[in-house]
Amino acid sequence: MEYVYAALILNETGEEINEDNVTAVLEAAGVDVEESRVKALVAALEDVDIEEAIETAAAAPAAGAAGGAAGGSDDESEADDGDDEAEEEAADEADDDDDEDESSGEGLGELFG
C-alpha cells in the first residue's frame, strides 16, 4: 500500500511518477524498497490519469449511498413486511438446525474440543 501512497504523494506535489522518485519517497519513509514492485507500479500507472481515478473513486460511494436513501411507495412498504417475516422464519429454521448439529456432535466445536 505504501507504494501507492508514494505515487499519490508524487502526483500531489506535481513530480513525475518514475522509479527513482517512487524509490526516493519510499526510502525517505523508511520502507525496504523492492525494485520489482516499484517497476510494476510505475508501469501500471503509465497510462492512468490519477486525478480522474481519484474523482471516480470518490464519486462511487456517494452514488451507491444515494440509491439506498430513495423512499418507496406504500405498496413497496407492504411487500417489505412480508419479506421480513420470511427472513425471520428462515432465521428460526437456521437456529433449529444449529441445535441439531450441536446435539449430534457435528459442527466446528467438535474440531477444536
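Right above here is the structure, for reference.
Conventions used here
Residues numbered from 1 in each chain as written. Predicted model: local features only at pLDDT ≥ 70, side-chain atom pairs only at ≥ 80, totals over all residues. Heavy atoms only, no water. Patch = residues over 30% accessible without salt bridge, like charges linked within 9 Å, V, L, I, M, F, W, Y side chains within 5 Å. Areas by Shrake-Rupley, 256 points an atom, 1.4 Å probe, with all protein chains shown as cover. Salt bridge = Lys/Arg side-chain N within 4 Å of Asp/Glu carboxyl O. Lys, Arg positive; Asp, Glu negative; His and termini not counted. Charge placed at Lys NZ, Arg CZ, Asp CG, Glu CD. Helix = DSSP H or I, 4+ residues; strand = E, 2+ residues; numbered from the N terminus. Buried < 20%, exposed > 50% of the residue type's maximum accessible area, 1.4 Å probe, protein only. Axes fitted to C-alpha atoms, helices over the stretch in contact; angles between N-to-C directions. Parallel < 35°, antiparallel > 145°, perpendicular 65-115°, else oblique. Left-handed = near helix turned anticlockwise from the far one by under 90°. Contact = heavy atoms within 4.5 Å. Nonpolar A, V, L, I, M, F, W, Y, C, P; charged D, E, K, R; others polar.

Caption draft 1: Quick peek at a negative patch on the surface. On the surface, E12, D49, E51, E52 and E55 cluster together to form a negatively charged patch. When residues in the negative patch are grouped by element, the largest group, three residues, is from helix 4 (residues 50-68). Residue placement: E52 occurs in helix 4. Using a relative accessible area of 48% as the deciding quantity, one classes E52 as partly exposed.

Caption draft 2: Local environment of the packing of helix 1 (residues 2-13) against helix 2 (residues 19-28). The contact between helix 1 and helix 2 brings their axes to 9 Å, and the two run at 115°. One finds that helix 1 runs roughly perpendicular with respect to helix 2. The interaxial crossing formed by helix 1 with helix 2 has right-handed handedness. Counted together, E2, Y3, A6, I9 and L10 of helix 1 and N21, V22, V25 and L26 of helix 2 form the full contact between these two elements. A breakdown of the residues in the contact of helix 1 with helix 2 according to their chemical character gives seven nonpolar, one polar and one charged.

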